[in-house]
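Next come the chains, spelled out residue by residue.
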Amino acid sequence: LTRVEPRTLSSGRRSTSVVTLDVTEQHQSQQRNDRLLRELTTILDSTSAGIAYLRGETLLRYNRQFEQLLGLEPQPGTDLRLTELFTDPELAARIAEESLHALSVGKLYETEVQIRLPDLSSRWCALSMRRMESTGPELESIAVLSDVTRLKTQQMELDAVAHEEGLVVLDLLDGERGVEV
């Protein structure tokens, strides 16, 4: 980087001042940072988990998967509140209250929530929130959302089969005793 400026000396004579700074190292450092940022963005946007960074109840940054899991429209540059993430206001208030309490005492917050999507379908997500070290007075945390719909559906099917099998066993036992069902 070179800067050329006309100057007037104390004797009144005109001259030119030339200042040259070697910014090669700074430029290379900026390129490395830009490349690292692109790589990390690619990783975050390619993961199946939704990831968000919160300060207090406000989501400051989140990846596309976080939006998709919650059925949110992309809102770049918009800070969402934790209570705005869920269509059920009671659920939203409960999660906000419970998570902030757990995080304020240094605990991990975990829960499973059923999320109603705009197309009226629903999905089950595991929500995990962990407190981060903060330089300011506000609580900072990372939230991770994982789609557990398939697991939850299998669990419900297994529970239904177990319930049916239990009834069959009960019916057989009652039948052996001569009790009509």
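Quantities reported herein were computed from a predicted structural model and do not represent experimental measurements.

**Notes on the overall build of the chain**
- In terms of helices and strands, the chain carries 4 helices and 8 strands.
- Ordered by position from N to C terminus, the α and β elements of the chain give β-β-α-β-β-α-β-α-β-β-β-α.
- Looking at the 181 residues of the chain, the share that counts as buried comes to 25%.

**Some points on the pairing of strand β6 (residues 109–116)**
- Alternating residues of β6 divide into Y109, T111, V113 and I115, all buried, and E110, E112, Q114 and R116, none buried.
- Sheet analysis places β6 next to strand β7 (residues 122–132), joined by 8 bridges and oriented antiparallel. Looking at β7, one finds that V113 is bridged to C125.
- The antiparallel pairing of β6 with β7 creates a hairpin that spans 5 residues between the two strands, and L120 there sits at a positive phi of about 75°.

**A closer look at the pairing of strand β1 (residues 2–8)**
- When β1 meets strand β2 (residues 14–20), the two strands line up antiparallel, connected through 7 bridges. Opposite E5, over in β2, you have S17 as the bridge partner.
- The turn linking β1 back onto β2 is made up of 5 residues, and G12 within it adopts a positive phi angle of 95°.

**Things to note about the nonpolar core**
- Counting residues in hydrophobic clusters, the biggest one holds 28 residues, and the most contacted among them are L59, F66, L70, L85, F86 and M129.
- Contributing elements (two or more residues each) for this core: β3 (50–55), β4 (58–62), α2 (64–70), α3 (89–104), β6, β7 and β8 (140–147).
- Broken down by element, the residue count for this core peaks at 6 residues, all from α3.

How each quantity is defined
- Residues numbered from 1 in each chain as written.
- Predicted model: local features only at pLDDT ≥ 70, side-chain atom pairs only at ≥ 80, totals over all residues.
- Heavy atoms only, no water.
- Helix = DSSP H or I, 4+ residues; strand = E, 2+ residues; numbered from the N terminus.
- Buried < 20%, exposed > 50% of the residue type's maximum accessible area, 1.4 Å probe, protein only.
- Pairing = 2+ DSSP bridges.
- Core = buried A, V, L, I, M, F, W, Y, C linked by side-chain atoms within 4.5 Å.

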